[in-house]
Amino acid sequence: MTKERPFHGFWSYVAECLRLLYWAYFKPYTFEDWLRDIDPELKPTDNPFAKRAEFRNNPRLRRYAGQVWWLIAVMPILAVLLVAPVYTVASGKPLDWFFSCIFWLGWLIGLLMVRGSNEKLQNRLYRFISNISNILFVTFLFGLISFRIAPETMSSLFQPLPFTVQLRSTLDQLRDLAFDLGFGWVFGVARGMASGVAFGVARGMAGGVAGGVAGGVALGLALGLALGAPFGVAFGVALGLAGGVAGGLALGLALGLALGLALGLAGDVALGVAFILGVLRVYFWFPELVWMLLLFLISRSGDKVKYLRYIPPHLDEKIILPLPFIDKLIVEAYQENPAAAREMIDYLTTSTNQQKVAAQAITGIAIDSLSRCQHLSDITSVPEHLAWIPSPPPKELGTVLPQLLDISQGVKASLSATSSYRQSELLNRPIRALRDLQNNLAFGKHAEIATTFGSITQRWLSILQTAQRTLEEQAGHSTEIRQVYIAGNSLDPYTANNRFKGRIDIFREIETLALSEQPPVLLLYGGRRTGKTSALKYLPHKVDSTVVPLLVDLQGAASAATPKGLAENLATQIIAAARQLPRTVKLPYPNGEKLAQDPFPALQTWLGEIERTIPNKRFLLCLDEFERLSEVEEATRTRTLNFLRNILQHRQKWTLLFSGSHQLSELPPYWSDYLINTRAIRITYLQNSEARELILQPVEDFPEIYAPTAVNAIIQLTRCQPYLVQLVCYELVELLNREIRENRREAGTVKANVEDVHAVIPTVLERGDQYFRELWTSLTQSDRTLLRYVVQGQAPTEQDKKVVQKLVQKEILEKEGNAFQVPLVQRFVEQVVEEES
């Protein structure tokens, strides 16, 4: 271990002392926090030597006490050296150095006594010197300010008074005595007595401009120092610097100057300006500003993280004015040390009034991180790097950052797909989202945001398009079969492309009814996973352009807990749906204040505004999972159905479409009041030709991988149920690819056959367990009992007639009641019966 150099330790000690002095004058709150870290009960006004019993176990407290002692011992010398030239010029005679040195010697003796262990002597000395200091301070203020600022003016003011000569003579002597004792001794001990006497003197002198200024300054100094004492260094001894700080002095000067001007001139403006400067704490802000300017210039050619440590880590927490360059330095340092930069941002946000600077730093870091993306991996890692940014983000980032983060998540999800082809397809969604974002920026109100993020979105779009072309090339050279079947989620026109097959008759019926003179309420119903939601998503691409389908997911709206939340959710979904391709209709936003006060009348007004703004369109409000409306009403304690009935009665250009798995006869009685004049449209199995197209040509240029007998077997097992068709085909492709990888088949030579179809049935039942279980649990006990009888070969009786009719409507049994409509459902029920036995 290397021994510390003596001079290095000395200068470090001196630096700490100067830092204490700086904190005492310009960072009182920082000073208080620092002292609490040394000892939770230690305050700036406490005498550290009163805690000398703790010195052995608290070295930091002992070091602090020593630094305090040396500062108080040395500061009077420095203060006198600074004041002596001013005094000589002002008074025309030299300072009495001999008397000052003698006084300083006594000063040191007093400090040594304070440092001792005799607490009674210490307290008595404190009271004695405090009283002397208070008297000298008042004398100093009166003598220095009143008779040195404008002596001739002051003399003329006091000539009419009979006691002027005696008063001036006495005060002149006291003034010289105050000077001889030195500026530093009496500068910081303003107490209540100083304030009261100075206030009286100031009022007595306020007889003109000069007198007003002099009196105001005297009053301000006294008040400022008195108010500043609790926040100052107050080094814990009874002498000198123990009360005042530069903050109190500065505030006092401002108040004094303003008061003087106000008394001598039309001083309201001056007083107001001074008060504003005091509130903004300009006197604390200025040294920090100078420090930041120097630090920023020096850091241009150095290690940014190194200089980040020298950003005033503990600013005066009450400074309101922003400090420049901090945000730029934090942004530059973030690339080298994100943790240090974030720590500084957290401090600025939580412990100071520099939240705006912190927000600018967050904005700069976000923009810099987004701009640095050069590869697909950079885009996918953006949420990881920026996850710490608070929500909502700074207004400079607006809604753009959340959208870019969502796009990044979409890119990451696409790359987790099992094949290059599927990855390429899933990139369509983020690519489309980027294009939509570009359009919104181009037509937005904020030109600066559009300029900043326009280049970012364009760069990202170029990266994604290049990656998509690369993935397509990889898929083309792969020996495996492209996995293009989607089993489970609803099909999205922007990711599933042409996989949605058929339903032309349904689209035509909806279009015809929506464009009729008096359109009815539409009810699109069908079993689970029959493609209802997929059909609604493809609806804008299938109906006339004058009809604007607006898809609202009531399952998402059910999460709202208040009427206001529900209304906002509905409005947000409607606006987003209108902007979807190929319509891209931009709806006006509802009035936020009215929406908060009375949500549903505000929505009614908003719908009328939409009709007036876009008169050449008809709006088809599609409410998916409409059965959740009862949950919505219960959670928000609203009458949502009344709102919908009002639309039916008063909005001629609005048509309602309810989508769900229940028929009208299965709904509670109160629904009949709302679904008057309802046209039910059933969505069921695909037609045979549509199912064959889905199997053989799910996308363009799909290879021939099925033998004709295999296609027939798929149709027979699934009864053309779209979800089950997709699921069986998905597992068949997985089986063929697995065997190609294991060299049991050559790509493109052997096709899937009947044996392969039957081989994947156990996997299909396992992967589709959620679908089958949901179907099974939705049935009553009598329904399940009858299905158990059917799989065991028992025919239903006459008493089972109603149950059979119900299961036929649910597309589970054939009309005779002795066979299942979908063989795969029968396989599942057989499996359940086997497990129960």
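Residues numbered from 1 in each chain as written. Predicted model: local features only at pLDDT ≥ 70, side-chain atom pairs only at ≥ 80, totals over all residues. Heavy atoms only, no water.

**Regarding the overall build of the protein chain**
Selection criterion: Where helices and strands are cited, they refer to DSSP runs of H or I of at least four residues and of E of at least two residues respectively, numbered from the N terminus. Exposure classes here rest on a 1.4 Å probe applied to the protein chains alone. A residue is buried below 20% of its type maximum, exposed above 50%, and partly exposed in between. Contacts: residue pairs with any heavy atoms within 4.5 Å of one another. Methods summary: accessible areas were calculated by the Shrake-Rupley approach with a probe of 1.4 Å, and residue burial reflects only the protein chains presented.
Each helix and strand in the protein chain was counted, giving 39 helices and 5 strands. Counting the 837 residues in the protein chain, one finds 49% classified as buried. Put simply, of all contacts in the protein chain between residues at least 6 apart along the chain, 74% involve residues at least 24 apart. Accessible surface, the protein chain: about 41500 Å² in total, of which carbon and sulfur atoms supply 56%.

**Considering the sheet that holds strand 2 (residues 547-553)**
Put simply, the rule reads: Criterion used throughout: strands pair if DSSP finds at least two bridges between them. Every axis corresponds to a line fitted to the C-alpha atoms, with the helix fit spanning only the stretch in contact, and the corresponding angles, defined between N-to-C directions, vary from 0 to 180 degrees.
With parallel pairing, the 5 strands of this open sheet are ordered in space as 2-3-4-1-5. Looking at strand neighbours, the two that pair on one side only are strand 2 and strand 5 (678-682), the edges of this open sheet. Pairwise comparison of adjacent strand axes, ignoring direction, gives a mean angle of 20° for this sheet. Across 6 bridges, strand 3 (residues 618-624) lies against strand 4 (residues 654-660) in parallel orientation. Opposite Cys-622, over in strand 4, you have Leu-657 as the bridge partner. In the packing of helix 23 (residues 504-514) onto the sheet, the strands contacted are strand 1 (521-525), strand 2, strand 3, strand 4 and strand 5, and the crossing angle to strand 5 comes to about 165°. Helix 26 (residues 563-578) contacts strand 2 and strand 3 of the sheet and is inclined by roughly 140° relative to strand 2.

**Here's the deal with the pattern of salt bridges**
Quick reminder of the rule: A pairing counts as a salt bridge when a side-chain nitrogen of Lys or Arg comes within 4 Å of a carboxyl oxygen of Asp or Glu.
For the structure on display, the rule yields 26 salt bridges. We note a salt bridge from Glu-739 to Arg-745, for which the minimum N-O separation is 2.4 Å. When sorted by exposure, Glu-739 lands in the same class as Arg-745, which is buried. Shared partners join several salt bridges into a network, and the residues in it are Arg-422, Glu-425 and Arg-499.

**Comments concerning the packing of helix 14 (residues 326-334) against helix 16 (residues 355-371)**
To keep things clear, this is the line we draw: Here a crossing is taken to be left-handed if its near helix is turned anticlockwise relative to the far helix by less than a right angle, and right-handed if that turn runs clockwise. Each residue gets one of three labels, nonpolar for Ala, Val, Leu, Ile, Met, Phe, Trp, Tyr, Cys and Pro, charged for Asp, Glu, Lys and Arg, and polar for the others, Gly among them.
The interhelical angle for the contact between helix 14 and helix 16, taken along N-to-C directions, is 35°, at an axis separation of 8 Å. Our pair here, helix 14 against helix 16, has a crossing hand that is right-handed. Note on element contacts: helix 16 touches helix 14 through Val-357, Gln-360, Ala-361, Gly-364, Ile-365, Asp-368 and Ser-369, opposite Ile-326, Asp-327, Ile-330, Val-331 and Tyr-334. Taken together, the residues of the contact of helix 14 with helix 16 sort by class into 7 nonpolar, 3 polar and 2 charged.

**A closer look at the packing of aromatic side chains**
To keep it simple, the criterion reads: Stacked, tilted and edge-to-face are the three classes applied to pairs of Phe, Tyr and Trp rings, where Trp contributes its six-membered ring and a pair requires centres within 6.5 Å; stacked means planes under 30 degrees apart, edge-to-face means over 60, and tilted covers the rest. Charges are assigned to positions over rings by a cutoff of 6 Å between ring centre and Lys NZ or Arg CZ, combined with an angular limit of 35 degrees from the ring normal.
This structure, assessed with the given rule, holds 12 aromatic pairs. A ring pair is formed by Phe-600 and Phe-643, whose centres lie 5.3 Å apart and whose planes are at 45°; its orientation type is tilted. In this pair, Phe-600 is assigned in helix 28 (residues 599-613) and Phe-643 in helix 30 (residues 640-650), connecting sequence segments 43 residues apart. Aromatic side chains Phe-772 and Phe-828 sit 5.3 Å apart centroid to centroid with 15° between the ring planes, which places their arrangement in the stacked category. Of the two residues, Phe-772 sits in helix 36 (residues 769-777) while Phe-828 sits in helix 39 (residues 823-836), which places them 56 residues apart along the sequence. Residue classification places Phe-828 among the buried residues on the basis of a relative accessible area of 2%. Three or more aromatic residues link up through ring pairs in this structure, and these residues are Tyr-723, Tyr-771, Phe-772 and Phe-828. Directly above the ring of Tyr-421 sits Arg-482, whose terminal nitrogen or CZ lies 4.4 Å from the centroid. Seen from the ring of Tyr-723, Arg-529 lies directly overhead, with NZ or CZ sitting 4.7 Å from the centre.

**Topic: unusual backbone geometry**
Negative phi is the rule for most residues except glycine; trans is the rule for most peptide bonds. For Glu-625, which is not a glycine, the phi torsion comes out positive at approximately 60°. Even without glycine at this site, Cys-720 takes up a positive phi of about 65°. Along the chain, Cys-720 turns up in the loop between helix 32 (708-718) and helix 33 (722-741). Assessed through its relative accessible area of 6%, Cys-720 is described here as buried.

**A short note on the environment of Leu-664**
Tracing the backbone shows Leu-664 in the loop between strand 4 and strand 5. Under the relative-accessibility criterion, Leu-664 is labelled partly exposed at 40%.

**Quick notes on the pairing of strand 4**
With 7 of 7 residues buried, strand 4 lies mostly within the body of the structure. A two-sided burial pattern is seen for strand 4, the buried positions comprising Trp-654, Leu-656, Phe-658 and Gly-660 on one face and Thr-655, Leu-657 and Ser-659 on the other. The pairing of strand 1 with strand 4 spans 4 bridges and is parallel. Bridging from a neighbouring strand, Leu-524 pairs with Ser-659 of strand 4.

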